Amino acid sequence: NVTNMSSMFSICTLFNQPVSNFNTEKVTNMKDMFNSCENFNQSVSNFNTANVTNMEYMFFKCSLFNQSVSNFNTANVTNMGFMFY
């Protein structure tokens, strides 16, 4: 039932654990979710992003992140500012 994952792992510079089993079906806010997770490089391909409206700074300063986001449904996203900065 979680709808807000904003800043969930923000500034967890050493975080690099699997998140592929997260149920994100009802999430609307992923702002700053992995912001400054400098070592994060895990698959997010199972994330259901159909209801997400905010992805601002989601992977900001994730210098090692190199995973596919091709499955992300961004039809409802209104803010992607600095998403991969």
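Residues numbered from 1 in each chain as written. Predicted model: local features only at pLDDT ≥ 70, side-chain atom pairs only at ≥ 80, totals over all residues. Heavy atoms only, no water.

*Asks:* Is there a simple way to think about the nonpolar core in this case?
*Replies:* If you look at soluble globular proteins, the nonpolar side chains tend to sit buried side by side. Formed by 21 residues in total, the largest nonpolar core has its most connected members in Phe 34, Phe 40, Val 44, Phe 47, Met 58 and Phe 59. Setting aside anything within four residues of it in sequence, one finds Met 58 in contact with Met 30, Asp 32, Met 33, Phe 34, Asn 35, Phe 47, Phe 72 and Met 83. (Core = buried A, V, L, I, M, F, W, Y, C linked by side-chain atoms within 4.5 Å. Buried < 20%, exposed > 50% of the residue type's maximum accessible area, 1.4 Å probe, protein only. Contact = heavy atoms within 4.5 Å.)

*Asks:* What is the right way to look at the packing of aromatic side chains in this model?
*Replies:* Geometrically, a pair of aromatic rings is defined through the distance of the ring centres and the angle of the planes. All told, the structure shown has 14 aromatic pairs when counted by the stated rule. Between Phe 22 and Phe 47, the ring centres sit 6.4 Å apart and the planes meet at 5°, which makes this aromatic pair stacked. Using a relative accessible area of 23% as the deciding quantity, one classes Phe 22 as partly exposed. A residue is classified by how much of its surface remains accessible, and Phe 47, at 3% relative accessible area, is buried. Ring centres of Phe 60 and Tyr 85 lie 5.3 Å apart, and the angle between their planes is 10°; on these two criteria the pair is classed as stacked. With relative accessibility at 60%, the residue Tyr 85 sits in the exposed group. (Phe/Tyr/Trp six-rings, centres within 6.5 Å; stacked < 30°, edge-to-face > 60°.)

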